[in-house]
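Residue-level structural notes
One-letter residues, chain by chain:
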Amino acid sequence: ILNLCIEFRAEMDSLGMRIEDLEAHSDKVVWTGELRYRYWNNKTNVDGGDDEKTSKNQFQLRLFPTATISDHWKAKARLTASGDPSEDTTGDVALTYIYAEGKYGKFGINLGKMPFYTEVDEGLFMDDFFSGIELTYGDKFQAKLHGGRWNLGSSRMGLSDSSSFGGLELLYNDSKRFNFGAGYHHFKSDDFANAAGYGDEDKASIVTVGAGYKFGDFKLSAAYAKNTKADDFNKGYNFSLAYAGANRNKKGSWGAEVAYRYAGDNVSFAPTYDSYGMLSNKKGVDFALSWTPLKNTLTKLSYFHGKTLDTKETTRTFFGRVSFFF
């Protein structure tokens, strides 16, 4: 054995160096993911007639690779594949977003296609993705400046073009008691004139405000949004009272929420609310329960009861979701 070690010393040294190099780079890319099932069931009713029913089933796999580039930069992406179990269909894996994230103390910069979530109004206006740049500065007091292009096909307005846009959000959040802020977002596209009730305009100017107050395990939130360029369906607001919340890392944790929501399609471009998956442009009361039966497992049930803003139909939506995280 000693003679063999002497004879192959150079090869063993080279192998050891390669193993050390692999170990040094083994944590450069970290993968996390989510497997989720979602179900929507919607019923609409006009003047007391028979219910019109629609439903949707969806399996979805989400993979989130994060690559460390340097001490200050990371590359982030999401790969998504969806299928419909009721039809026994599956889909191809698609790149949902990909961007570079830089952190320098209180200053942050994102470049690429990234999540687009309006924190001021907690998603009343937008919960989607955009391509461009986002700059942030601050901690409790934070300024967020972003701009680029957004695909109008993701909106509730039935459009297909892409729009240039720029926006600014100013927020305060002490994480324990208060949060409040205001935002402004400006879009430009000829396709806006094709939206129902919009008018002859090629622009959208969205003003949003929001605030929240925590007391014990409860949180009271309010948000308002207005599109000053649209003629109709140009305002949205949300009032909600939430209790605690399910934590996917804490087995047995749970939460509840009741909210009154009014969301016109020409201002709530892509709202975050799960019960809006089947039908939008509506107002009403939304109830939700969340629960963590097992660690890294999250369940949610919600029920919406209200009316559509355009056709004045009574609408009821049931939503359910089960997510497994890894």
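One can find the structure itself at the top, above this paragraph.
First things first, this report covers the structure right here in the doc.

Procedures and definitions
- Residues numbered from 1 in each chain as written.
- Predicted model: local features only at pLDDT ≥ 70, side-chain atom pairs only at ≥ 80, totals over all residues.
- Heavy atoms only, no water.
- Helix = DSSP H or I, 4+ residues; strand = E, 2+ residues; numbered from the N terminus.
- Contact = heavy atoms within 4.5 Å.
- Areas by Shrake-Rupley, 256 points an atom, 1.4 Å probe, with all protein chains shown as cover.
- Lys, Arg positive; Asp, Glu negative; His and termini not counted.
- Charge placed at Lys NZ, Arg CZ, Asp CG, Glu CD.
- Pairing = 2+ DSSP bridges.
- Buried < 20%, exposed > 50% of the residue type's maximum accessible area, 1.4 Å probe, protein only.
- Polar contact = N/O pair within 3.5 Å; in protein donor to acceptor, adjacent residues only side chain to side chain.
- Salt bridge = Lys/Arg side-chain N within 4 Å of Asp/Glu carboxyl O.
- Phe/Tyr/Trp six-rings, centres within 6.5 Å; stacked < 30°, edge-to-face > 60°.
- Lys NZ or Arg CZ within 6 Å of the ring centre and 35° of its normal.

Regarding the overall build of the protein
In terms of helices and strands, the protein carries 2 helices and 17 strands. For the protein, the spread of C-alpha atoms along the three principal axes comes to 95 × 45 × 40 Å. When contacts within the protein are restricted to residue pairs at least 6 apart in sequence, those whose partners lie at least 24 apart make up 50%. A total of about 17800 Å² of accessible surface is found on the protein, and carbon and sulfur atoms cover 57% of it. Computing the positive centroid from 40 side-chain charges and the negative centroid from 42, the protein places the two 6 Å apart.

Some thoughts on the pairing of strand S17 (residues 314–325)
Relative to S17, strand S1 (residues 29–45) runs antiparallel, the two being bridged by 12 bridges. What sits directly across from arginine 36, in S17, is serine 323. Where strand S16 (residues 297–308) meets S17, 11 bridges bridge the pair, whose relative direction is antiparallel. Looking across to S17, one finds that leucine 298 is bridged to serine 323.

Points about the side chain of asparagine 42
You can see asparagine 42 is positioned in strand S1. The buried category is assigned to asparagine 42, whose relative accessible area is 3%. Only 3.1 Å separates the side chain of asparagine 42 from the side chain of threonine 315, close enough to count as a polar contact. Contacts of asparagine 42, omitting those with residues within four sequence positions, involve Glu52, Lys53, Thr54, Met278, Leu279, Thr315, Arg316 and Thr317.

Brief notes about the side chain of glutamate 134
If you trace the backbone, glutamate 134 turns up in strand S7 (residues 127–138). Here glutamate 134 sits buried without a salt bridge, and the closest side chain of opposite charge, lysine 144, lies 4.4 Å off (N-O distance). Residues in contact with glutamate 134, not counting those within four places in the same chain, are Gly108, Ile109, Asn110, Met114, Lys144, Leu145 and His146.

Focus on the packing of aromatic side chains
Counting across every chain of the model gives 30 aromatic pairs. On the basis of an interplanar angle of 15° and a centroid distance of 5.0 Å, the ring pair of tyrosine 237 and tyrosine 262 is categorised as stacked. Here the residue tyrosine 237 occupies a position in strand S13 (residues 235–244), and tyrosine 262 occupies one in strand S14 (residues 254–263), the gap between them amounting to 25 residues. Overall, tyrosine 262 belongs to the buried group, its relative accessible area being 15%. Clustering of aromatic rings is evident, with ring pairs tying together Phe116, Phe125, Phe130, Trp150, Phe165, Phe187, Phe192, Tyr198 and Phe269. The ring of phenylalanine 304 is capped by lysine 282, whose NZ or CZ atom sits 4.4 Å from the centre of that ring.

As for the environment of alanine 195
Within the element layout of this structure, alanine 195 appears in the loop between strand S10 (178–188) and strand S11 (203–215). When its relative accessible area of 6% is taken as the criterion, alanine 195 is described as buried. Taking C-alpha positions, alanine 195 is 32 Å from arginine 62, a pair spaced 133 residues apart along the chain. What alanine 195 contacts, discounting residues up to four positions off in sequence, is Met157, Leu159 and Asn266.

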